[in-house]
Each structure stands twice: as C-alpha cells, then as structure tokens.
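In case you want the letters, here they are:
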Amino acid sequence: MRLQRMLLTGFVALALTACTSTASNVTTEYYLVSGTTSEALDRDIRRKGPMQGHALAVAAIRFVPVSVQQDQTDAGCAFTEALFRIDANITLPRWKERATSRDRELRAAWDSLARYARAHEDMHVQIAERYARELGKAIEALPPRESCEALDKSAERVVKRMARRHQAEQLAFDRAEHERLEQLLRKASNGDS
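Reading guide: rules and limits
Residues numbered from 1 in each chain as written. Predicted model: local features only at pLDDT ≥ 70, side-chain atom pairs only at ≥ 80, totals over all residues. Heavy atoms only, no water. Buried < 20%, exposed > 50% of the residue type's maximum accessible area, 1.4 Å probe, protein only. Helix = DSSP H or I, 4+ residues; strand = E, 2+ residues; numbered from the N terminus. Disulfide = S-S within 2.5 Å. Core = buried A, V, L, I, M, F, W, Y, C linked by side-chain atoms within 4.5 Å. Pairing = 2+ DSSP bridges. Axes fitted to C-alpha atoms, helices over the stretch in contact; angles between N-to-C directions.

## Quick word on unusual backbone geometry
So, step 1. The backbone of Met 51 sits at a positive phi, close to 55°, despite the residue not being glycine.
So, step 2. The class of Met 51 is exposed, set by a relative accessible area of 58%.
So, step 3. Notably, Gln 52 is not glycine yet its phi reads approximately 55°, a positive angle.
So, step 4. Looking at the element boundaries, Gln 52 is found in helix 3 (residues 50–53).

## Description of the state of the cysteines
So, step 1. On inspection of all chains with the given rule, the structure shows one disulfide.
So, step 2. One disulfide in the model links Cys 77 with Cys 148; its S-S distance is 2.0 Å. Measuring the twist about the S-S bond at about 90°, one finds the Cys 77-Cys 148 disulfide to be right-handed. Remark: Cys 148 occurs in helix 5 (residues 148–190) and Cys 77 occurs in strand 3 (residues 76–95); sequence separation between them is 71 residues.
So, step 3. Its relative accessible area of 0% is what places Cys 77 among the buried residues.
So, step 4. Classification of Cys 148 by relative accessible area gives partly exposed; the value is 22%.

## A word on the nonpolar core
So, step 1. Core analysis: the biggest nonpolar cluster contains 26 residues, and Phe 79, Phe 84, Leu 135 and Ile 139 have the highest contact counts within it.
So, step 2. Looking at this core, the elements that each hand over two or more residues are strand 2 (58–73), strand 3, helix 4 (104–140) and helix 5.
So, step 3. Counting residues in hydrophobic clusters, the runner-up holds seven residues, among them Tyr 31, Leu 41, Trp 95 and Trp 110.

## As for the sheet that holds strand 2
So, step 1. With mixed pairing, three strands are arranged side by side in an open sheet as 1-3-2. Unpaired on one side and paired on the other, strand 1 (25–33) and strand 2 mark the two borders of the sheet. Strand after strand, the sheet turns through a mean of 15° between neighbouring axes, direction not considered.
So, step 2. Two elements, strand 1 and strand 3, share nine bridges in a ladder whose sense is parallel. Among the inter-strand pairings, Thr 27 is bridged to a residue of strand 3, identified as Asn 89.

So this is what it looks like as structure tokens:
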C-alpha cells in the first residue's frame, strides 16, 4: 500500500510488531553533568546536553501506526481503522554530585530544574499523543475513494497536514515556555514577587 510506504519513510515509522495497543511507549535516558556550582553545572550542560548543548532536555518523538486497515466495497475503498501511538525517548540531565553536595540551595535549585525539565518534556509527549489520536480520526473520516491508491493519496495529504500542525504546536509550546521563563527571570532579577 502506498500509504504504508509513505508512513514508513515519512512522518511515521511502521511498527514491526503485532501490537495493537495505542498506549505511548516512553523511555528516558540521562546524560551526566558534573560540578559543585551552578556555573559549573551550566557549563557542563552546554558541553554535554542534547542538541549540541543547546537544550537542557529533549523528547525525540515518533508516530507509530498500530493498525491501519482499508476495505474495498461497492462504495469504494475506505479506511476501517487507523490507530497510532507515540514512541518517545526523553533525554534529561542527571547531576553526578547531587547526593554528596552539601550546598542545600544548589540541590534545591537543581531539583526544581530537574522537575521542570521532566514536566516540559512530558508536555511535548502529551501534545504528540493528542495528535496521534487526531491523525487516526482524520484518516478514518476520509470518504471512500474509487480505489485504495486514491485513498492512500488522500491519507498522505492528511499525514503531511497533521505533521505540519503538530510541529507548529510543539514549537509554539517551546516559544511560550521560553517567554514565560524569561518573564520569571526578569521578575526575580528585579526583586519583584
């Protein structure tokens, strides 16, 4: 099927298992950072962090088709089922000296940063999960076409449109979070509460 080939090479990677669960598969890996001051930790994050040190944490997300079924009837070819799930690999920092540091303020600041990074990446996964459901519904809602090849072409357009919308929403979330953090930092540096 043309749709399956497009999904395999484009927006979605075809799952090779017979799994029918749409539950997300989220794994977490850590990179170690070392330092006894916030400046040293920041330097190590910039040296070792994801995206060549331009990010504190990342979520690598892919959409996986769980079940995409078509049926050819007298009315034409239609999708009978289109289910997708999310596979995500979250990369977070882990402070090597966290357990041995005697600097309570630094430990508290690190703990807050680590919680924020996890929550931020979890939100990226939640956004993707919503798009996985929307993608399935949009494909299932396609009207029957005269052939399954014509239906596949329609589905390709849906996949591309949803991919653009998904990417735009993920970037908008990052921009909004960046602006929110900048405002918090400005308030903190001005002594506002």
